Amino acid sequence: MPVTDVTTDPEQLTMTLTAEFEASVDRLWQVFTQPRQLERFWGPPGWPATFTEFDARAGGYANYHMTSPTGERSSGRWEFLSIEAPRRFEVIDSFVGDDGEPLDGFPAMRMTFDFEGDATRSRLRNTTYFDSAEALEQVVAMGAVEGSTMAMNQLDRVLLGLRAYAEGKGTVVEELDDTHVRITRLIEGPRELVWRAHNEAELMQQWMLGPDGWVMTDCTPGTAVGDSYRYAWAPVGDTEGEPFGFEGEVLAIEPLRRVVTTERMSGTEGPSTTNDTQFEEEDGVTLVTTLIEYPDRETRDMILATGMAEGMEASYARLETVLAR
């Protein structure tokens, strides 16, 4: 993971994040000063960022918002104080409301981004300065340490490019904490086709089958917020196993980019998960990232132990064959 340290200093009223990357300083500078690249990692998992304005010059502003799986927004604004490409820039970071004005009761913070290194390796030192110990405590209590760490740890895939980051790795499962798991799979194919394959019943029934020997007996996708969906599978021939299914509701949907749903086992009253699936395209391939939020660690471990990852990999391998046709 790129982040090597996050330190809060109540005496100096600072929070400092340090991260190291196998990329040049120029490349690191580029991803922090180009909004389409910056928004690929600035929000932590489950809260992707969207930059609506980005005027990177002293006196200019960058406006952005991060959107939760349930559609809740947290908005911010950078006011650029100074820029010394490609080594340093400084901003005032403020929480803002829907009208773009700073929110009462939330601190504005001065942040510096310092970049050092050479043509092969680089280091980021991001320091946030607070006006008071209360402001530092407030931001830490809001999850700033955990959120910034998870956000910066997404930077490798942006710096390396999707192929170098994920090609040949298959379905990768990462336990982020007790209740969050991130699953990634690189698919050979454009995002439009991969999106359709995840949302159109005719295509889904061709690949979303898990291991060989199973068929999809119910494929009713949800295509709008509030829609219910249901998927079911059953073994055929000599395949062992019992029929099962999943159902839930669509919480959020951004065509070609993101779909968020609840999910529970059909026919049970057990707790549901929240599944946040995002689609990212680069160089003719699409990275499918699913962030799953479980109600507790026990449920997480129980579901992972079912062989879910192996079934997903079998399905994704089949999907690439379908897309190739």
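Everything below is about the structure printed above this text.
Residues numbered from 1 in each chain as written. Predicted model: local features only at pLDDT ≥ 70, side-chain atom pairs only at ≥ 80, totals over all residues. Heavy atoms only, no water.

**Looking at the sheet that holds strand S4 (residues 61-67)**
Operational definition: Note: two strands are recorded as paired if DSSP finds a minimum of 2 bridges between them. What counts as a helix is a DSSP run of H or I of at least four residues, what counts as a strand is a run of E of at least two, and both are numbered from the N terminus. Here, axes are lines fitted to C-alpha atoms. For helices the fit covers the stretch in contact, and angles between N-to-C directions go from 0 to 180 degrees. Two residues qualify as a contact provided that any one of their heavy atoms is within 4.5 Å of a heavy atom in the partner residue.
Pairing is antiparallel in the open sheet, where eight strands are placed in the order S1-S2-S8-S7-S6-S5-S4-S3. Looking at the sheet topology across the chains shown, the edges are occupied by strand S1 (3-9) and strand S3 (49-54). Here the strands of the sheet are splayed against their neighbours by 20° on average, with no regard to which way each runs. Alignment of S1 against strand S2 (residues 14-21), held across six bridges, turns out to be antiparallel. Within the sheet, the bridge partner assigned to Asp-5 lies in S2 and is Thr-18. Contacting S1, S2 and strand S8 (122-129), helix H4 (residues 144-152) runs over the sheet at an angle of about 20° to S2.

**Side note on the pattern of salt bridges**
Here the idea is simple: oppositely charged side chains can pair when their charged atoms come close. To be explicit about the condition: Here, a salt bridge means any side-chain nitrogen of Lys or Arg that lies within 4 Å of a carboxyl oxygen of Asp or Glu. Only protein chains enter the accessibility calculation, which uses a 1.4 Å probe; a residue is then buried when its area is under 20% of its type maximum, exposed when over 50%, and partly exposed in between.
Tallying each qualifying case throughout the model produces 29 salt bridges. As a salt-bridge pair, Arg-300 and Glu-175 come within 3.6 Å of each other at their nearest N and O atoms. Highlighted residues: Arg-300 in helix H9 (residues 297-304) and Glu-175 in strand S9 (residues 172-175), separated in sequence by 125 residues. A relative accessible area of 3% places Arg-300 in the buried class. Across the salt bridge formed by Arg-258 and Asp-276, the nearest N and O atoms sit 2.6 Å from each other. Of the two residues, Arg-258 sits in strand S14 (residues 258-265) while Asp-276 sits in strand S15 (residues 273-282), which places them 18 residues apart along the sequence. Each member of the pair, Arg-258 as well as Asp-276, is classed as buried. One salt-bridge network, in which partners are shared between bridges, spans Glu-20, Glu-22, Glu-116, Arg-121 and Arg-123.

**Remarks on the sheet that holds S15**
In spatial order, the strands read S9-S10-S16-S15-S14-S13-S12-S11; together these eight strands make up an open sheet with antiparallel pairing. Across the chains shown, the open sheet's two edge strands, defined by having one partner strand only, are S9 and strand S11 (214-220). Looking at each pair of strands side by side, their axes are set apart by 25° on average, direction ignored. Against the sheet, helix H7 (residues 191-199) makes contact with strand S10 (180-188), strand S13 (244-254), S14, S15 and strand S16 (285-293), and its axis sits at roughly 155° relative to S15, the strand it touches most.

**With respect to a nonpolar patch on the surface**
Rules: Patch criteria: residues need more than 30% relative accessible area and no salt bridge. Like-charged residues are merged within 9 Å; nonpolar side chains of Val, Leu, Ile, Met, Phe, Trp and Tyr are merged within 5 Å. We get accessible surface area from the Shrake-Rupley algorithm with a probe of 1.4 Å; when it comes to residues, only the shown protein chains can shield them.
Taken together, Leu-103, Phe-106 and Met-142 make up a surface patch of nonpolar side chains, about 260 Å² in accessible area. When you line up the elements, Leu-103 lands in the loop between strand S6 (88-96) and strand S7 (109-117).

**Describing the packing of aromatic side chains**
Quick reminder of the rule: Side-chain rings of Phe, Tyr and Trp, where Trp is taken by its six-membered ring, are said to pair if the distance between their centres is within 6.5 Å; with planes under 30 degrees apart they count as stacked, over 60 as edge-to-face, and otherwise as tilted.
Taken as a whole, this structure holds 26 aromatic pairs when the rule is applied. Where Phe-51 meets Trp-78, the ring centres are 6.0 Å apart and the plane angle is 65°; that geometry is what we call edge-to-face. Highlighted residues: Phe-51 in strand S3 and Trp-78 in strand S5 (residues 73-84), separated in sequence by 27 residues. A residue is classified by how much of its surface remains accessible, and Trp-78, at 0% relative accessible area, is buried. Ring geometry for Tyr-64 against Trp-78: centres 6.2 Å apart, planes inclined by 70°, an arrangement best described as edge-to-face.

**Structural notes on the environment of Ala-252**
If you trace the backbone, Ala-252 turns up in strand S13. Between the alpha carbons of Ala-252 and Ser-68 there is a distance of 9.3 Å; along the sequence they are 184 residues apart. Sequence-distant contacts of Ala-252, defined by excluding residues within four places in its chain, comprise Pro-69, Val-225, Arg-258, Val-259 and Val-260.

**Re helix H10 (residues 308-324)**
What counts here: Helix span, as expected, comes to 1.5 Å for every residue beyond the first. This arc is built from the directions going out from the helix axis to the C-beta atoms.
If you check H10, its first and last C-alpha atoms are 25 Å apart, about what 17 residues at 1.5 Å a residue would give, namely 24 Å. What H10 keeps buried is the set Gly-311, Met-312, Ser-315, Tyr-316, Arg-318, Leu-319 and Val-322. One side of H10 holds all its buried residues, which, seen down the axis, span an arc of 165°. Pointing more than 90 degrees away from the buried face of H10 are the exposed residues Glu-310 and Ala-324. The inward-facing, buried residues of H10 abut S10, H7, helix H8 (201-207) and S16.

**Quick look at the side chain of Ser-68**
Relative to the assigned elements, Ser-68 resides in the loop between S4 and S5. Here Ser-68 is in contact with Gly-46, Trp-47 and Arg-258, once residues within four sequence places are set aside.

**So, the nonpolar core**
For clarity, the threshold we go by: In this text, buried Ala, Val, Leu, Ile, Met, Phe, Trp, Tyr and Cys residues form a nonpolar core when linked through side-chain atoms within 4.5 Å.
Membership of the largest hydrophobic core comes to 31 residues, with the highest contact counts inside it found for Phe-32, Trp-42, Trp-78, Phe-113 and Leu-155. Among the elements of the structure, S2, helix H1 (25-33), S3, S4, S5, S6, S7 and helix H5 (155-160) are those that each provide at least two residues to this core. Here the element with the most residues in this core is H1; it accounts for five residues. The next biggest cluster of nonpolar side chains, apart from the first, holds 26 residues, and it includes Ile-187, Trp-207, Phe-279 and Leu-319.

**Let's talk about the pairing of S16**
Extensive coverage of S16 is indicated by the burial of eight of its nine residues. Taken together, the nine bridges between S10 and S16 define a ladder with antiparallel strand orientation. Residue pairing across strands places Arg-182 opposite Leu-291, the latter belonging to S16. In this structure, S15 lies alongside S16, joined through nine bridges in antiparallel fashion. The residue of S16 that forms the bridge with Thr-277 is Thr-290. In this structure, the hairpin formed by S15 and S16 is closed by a connection of two residues, where Asp-283 is found at a positive phi of approximately 55°.

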